[in-house]
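Residue-level structural notes
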Amino acid sequence: MTALITQADALLRPTSRLEFRARTLLATIILFGLFYGAMMGLFFGPGQLPRVLQSLYSGAKVPMLLILTFLLALPSFYVLNMLMGLAPDFPQVIRALLATQAGLTVVLASLAPFTLLFYASTTNYDAAILFNALMFGAASLSGQRLLKRFYAPLIARDRRHLKMVRVWIILYAFIGIQMGWVLRPFIGDPAQKTHFFREGAWGNAYIEVWDKFIDASHGGRRR
Amino acid sequence: MLRGFKALDRVLRGEATRLPALRDGNIDIPAGLLVVVLVVLGMVAGACTGVFAVITRYHDDPANALMGWEQLLASTAKVPMLFCFTLVVTFPSLYVFNALVGSRLNMRAMLRLVVAALCVMMAVLASLGPIVAFFAVSTTSYPFIKLLNVVAYAVAGTLGLSFLLQTLHRLSRAHSREPIEAEVEPADAAAATTPTPPPYPTPGALERMRAQKLDPRVRTIFRIWVVVFGLVGAQMSWILRPFIGDPNKPFTFLRNRESQFFQAVIEAIHKLLW
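Quick caveat, the model's predicted, so the values are computed rather than measured. (Residues numbered from 1 in each chain as written. Chains lettered and ligands numbered in written order. Predicted model: local features only at pLDDT ≥ 70, side-chain atom pairs only at ≥ 80, totals over all residues.)

1. Some details on the overall build of chain B
Along the backbone of chain B there are eight helices and zero strands. Starting at the N terminus, the α and β elements of chain B follow one another as α-α-α-α-α-α-α-α. Buried residues in chain B amount to 39% of all 274 residues. For chain B, restricting intrachain contacts to residue pairs at least 6 apart in sequence, the fraction spanning at least 24 positions comes to 82%. (Helix = DSSP H or I, 4+ residues; strand = E, 2+ residues; numbered from the N terminus. Buried ≥ 20, exposed ≤ 12 C-beta atoms within 10 Å, placed from the backbone. Contact = placed C-beta atoms within 7 Å.)

2. Examining the nonpolar core
Of all hydrophobic cores here, the largest spans 119 residues; its most connected members are B:Ala116, B:Leu118, B:Cys119, B:Val120, B:Met122, B:Ala123 and B:Leu125. No other element matches the 22 residues that helix H4 (residues 107-138) of chain B contributes to this core. Residues contacting B:Val120, with those up to four places away along its chain left out, are A:Leu83, B:Val11, B:Leu12, B:Leu159, B:Gly160 and B:Phe163. (Core = buried A, V, L, I, M, F, W, Y, C linked by C-beta atoms within 7 Å.)

3. Overview of the interface of chain A and chain B
Taken together, the contacts link 20 residues of chain A with 25 residues of chain B. Among the secondary structure elements, those contributing two or more residues to the side of chain A that touches chain B are helix H3 (52-83) and helix H6 (160-182) of chain A. The element that contributes the greatest number of residues to the side of chain A that touches chain B is H3(A), accounting for seven residues. Partitioning the side of chain A that touches chain B into residue classes produces 14 nonpolar, five polar and one charged. (Nonpolar A, V, L, I, M, F, W, Y, C, P; charged D, E, K, R; others polar.)

4. Remarks on unusual backbone geometry
Along the chain, A:Arg184 connects to A:Pro185 via a cis peptide bond; the corresponding omega equals -5 degrees. Note that A:Pro185 resides in the loop between H6 and helix H7 (205-217).

5. Details of H6(A)
Under the 1.5 Å per step criterion, the end-to-end length of H6(A) is 33 Å for 23 residues, consistent within 8% with the ideal 33 Å. Within the sequence span of H6(A), burial applies to A:Arg160, A:His161, A:Met164, A:Val165, A:Trp168, A:Tyr172, A:Ile175, A:Gln178, A:Met179 and A:Val182. For H6(A), the elements touching its buried residues are H3, helix H4 (90-121), helix H5 (125-157) and H7 of chain A together with H4 of chain B. (Expected span 1.5 Å × (residues − 1).)

6. Overview of the environment of A:Ala8
All names here are of chain A. Within the secondary structure, alanine 8 sits in helix H1 (residues 2-12). A sequence separation of 91 residues divides alanine 8 from alanine 99, and the C-alpha atoms of the two residues are 9.5 Å apart. Apart from the residues within four sequence positions on either side, alanine 8 is in contact with Thr28, Phe32 and Val106.

7. Some remarks on the environment of B:His59
Relative to the assigned elements, B:His59 resides in helix H2 (residues 31-60). Note: C-alpha distance between B:His59 and B:Val132 (73 residues apart in sequence) is 18 Å.

8. Some points on the packing of helix H2 (residues 22-40) of chain A against H3(A)
All names here are of chain A. Relative orientation of the contacting elements H2 and H3 amounts to 135 degrees, with a least axis distance of 7 Å. Taken together, the axes of H2 and H3 lie oblique to each other. With respect to the hand of their crossing, H2 and H3 are arranged in right-handed fashion. On H3, the residues that touch Ile29, Ile30, Gly33, Leu34, Tyr36, Gly37, Ala38 and Met40 of H2 are Ser55, Ser58, Gly59, Ala60, Lys61, Val62, Pro63, Leu66 and Ile67. A per-class count over the contact of H2 with H3 returns eleven nonpolar, five polar and one charged. (Axes fitted to C-alpha atoms, helices over the stretch in contact; angles between N-to-C directions. Parallel < 35°, antiparallel > 145°, perpendicular 65-115°, else oblique. Left-handed = near helix turned anticlockwise from the far one by under 90°.)

9. Some remarks on the confidence of the model for chain B
Residue and element names in this part refer to chain B. Averaged over every residue, the pLDDT of chain B is 78; residues scoring 70 or more account for 82%. Ranking the elements of chain B by mean pLDDT puts helix H6 (residues 181-193) last, at 40, and H4 first, at 90. Long-range and interchain partners of residues 179-200, a stretch whose pLDDT sits below 50, account for eleven contacts in this model, where long-range means more than four residues apart. For this predicted complex, the interface confidence comes out at an ipTM of 0.82, alongside a pTM of 0.82. (pLDDT = per-residue confidence, 0-100.)

Listed below in C-alpha cells is the structure:
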C-alpha cells in the first residue's frame with residue numbers, strides 16, 4: 001500500500017528516472033481509479049443518503065473505462081508500431097502508456113475532495129455531471145502532459161515515435177469516448193433506481209452528439 | 001501454422017523486405033504459409049464485422065438471433081474469400097503489366113510481394129477488429145457501422161499499399177546494378193564528419209528510402225496496381241455483400257446484383273448525417 005503511494009509520487013515527478021513495472025502500474029490504475037469512482041458515486045439527491053451500491057459500481061467503472069479502452073486500442077497500435085519498425089521498443093511503449101494512465105488516475109484521485117465538496121453544496125444532478133466532466137477534463141490534460149513526458153526518451157531515440165503517440169491519442173480518445181458512453185451512468189441519477197448499466201441506453205456517443213447538433217440547428221424542434 | 005505467423009511477424013517488422021534480404025531480387029518468405037495466415041486473419045476480421053448482425057438481431061427480437069449468427073459465419077467466410085478472389089482476379093493482369101513496363105520481377109517474386117502486401121492489410125484489419133466489434137456491440141445505427149468498416153478497410157488498404165510501394169522501390173534498388181553499399185557508405189561518412197543522428201536502428205517495413213527519388217518505372221507499376229487493386233477489391237466486396245447485414249433485411253449469403261460500391265458509400269454518409 002505504502003509502496004504504491006511512493007510509486008504514485010514518483011510517477012508524477014518529472015525528474016524521476018524510475019523504471020516502473022507493468023504490474024505496479026496496473027495496480028495503481030485500479031486502486032486510484034476505484035477511489036475516485038467511489039467518491040464520484042456518492043452523489044445523492046435531496047432527502048437521500050449516499051448510495052453505497054452506486055458508489056461501488058462507479059468505483060468499478062473508472063478502472064474499467066481506462067483498462068478496456070487500453071486493451072481495445074492495443075492490438076492495432078501494436079501492428080502499426082511493427083509496421084513502422086518500432087517493435088523492439090514496444091515493451092517500453094506499453095510501460096509509457098500504462099504510466100500515463102496511472103498518472104491520470106492519481107491526478108483524478110487527488111481531485112476527489114473537490115468533488116465531495118461540490119456534492120456537499122448541491123443536489124443538482126446535471127451540475128454534478130458537469131463538475132465531474134470538468135475534473136475528468138483536468139485529469140486528461142495532465143494525462144497528455146504525462147504522456148509527452150513518458151514518451152520523451154522514446155522520441156529522443158527515434159522520431160517516428162512522435163507520429164505514433166499522435167496516433168495513440170486519436171485511437172484512445174475515439175474508443176474512450178464511446179466506452180465512457182457505454183459504461184454510463186458514472187454518477188447515477190438519484191431519482192432512478194441504481195443499475196450497473198443504464199437500461200436500454202447503450203447506443204453511440206457520436207451519433208447522439210450529432211443528432212443533438214442537428215436538432216439544435218433545426219431550431220430545437222424534433223424532426 | 002506457427003511458422004506462418006513467424007513469417008508474418010518478419011513481414012510486419014520489415015525484416016523480410018530490407019535491402020540485404022532483397023539482394024537477389026526475391027523476397028524470402030513462404031507464400032503458401034502466408035496465404036494460410038491470410039485466411040485466418042481474414043476470418044478474425046470477418047467475425048468482428050459480423051458481430052453487428054448478431055447484436056442487432058438479438059436486440060430486435062431474441063428469436064431472430066439465429067439469423068445474426070448465420071450472418072456472422074457468412075462474414076467470417078467472406079472476408080478471406082474477398083482477399084483471395086481479389087488476388088486471383090488481379091494477379092494475371094498485374095503480372096502482364098509488370099512485364100510490359102519492364103520490371104525484372106519474376107512471377108514467384110511478384111506472387112510473394114502481393115501476398116505479403118495482402119498480409120499487411122489483413123493484419124491491420126484484424127487488429128482493428130476489436131474496435132469494430134466494440135462499436136458494433138454498443139451501436140444500433142447501421143450507417144455508422146458501415147462507415148466505420150469502410151474506414152477500417154481504408155486504413156488497412158492504405159497501409160498495405162504503402163508497404164507495396166516501398167517494397168517495390170527497394171526491389172528495384174536491389175535489382176539495379178549500383179551496389180547496395182551506396183546506401184550505407186554516405187551514412188557512415190556523414191556520421192564521421194557531422195554529429196548527425198545515426199540511421200534508425202530498425203528500418204520499418206514502411207520506411208522510405210533516404211535521398212532517393214522513386215524510380216519512374218516503380219511509380220508506373222504502383223499506380224497500375226493501386227487502380228486495379230482498388231477497383232477490383234471494392235467491386236469484389238460489393239459482389240460478396242452483405243458483410244455487416246442490414247438489420248431490417250433477412251439473412252442472405254449474397255445479395256442481388258445491383259448498384260455500385262461508391263454510390264452506396266455516398267448514400268451511407270448522407271443517411272448518417274441528414
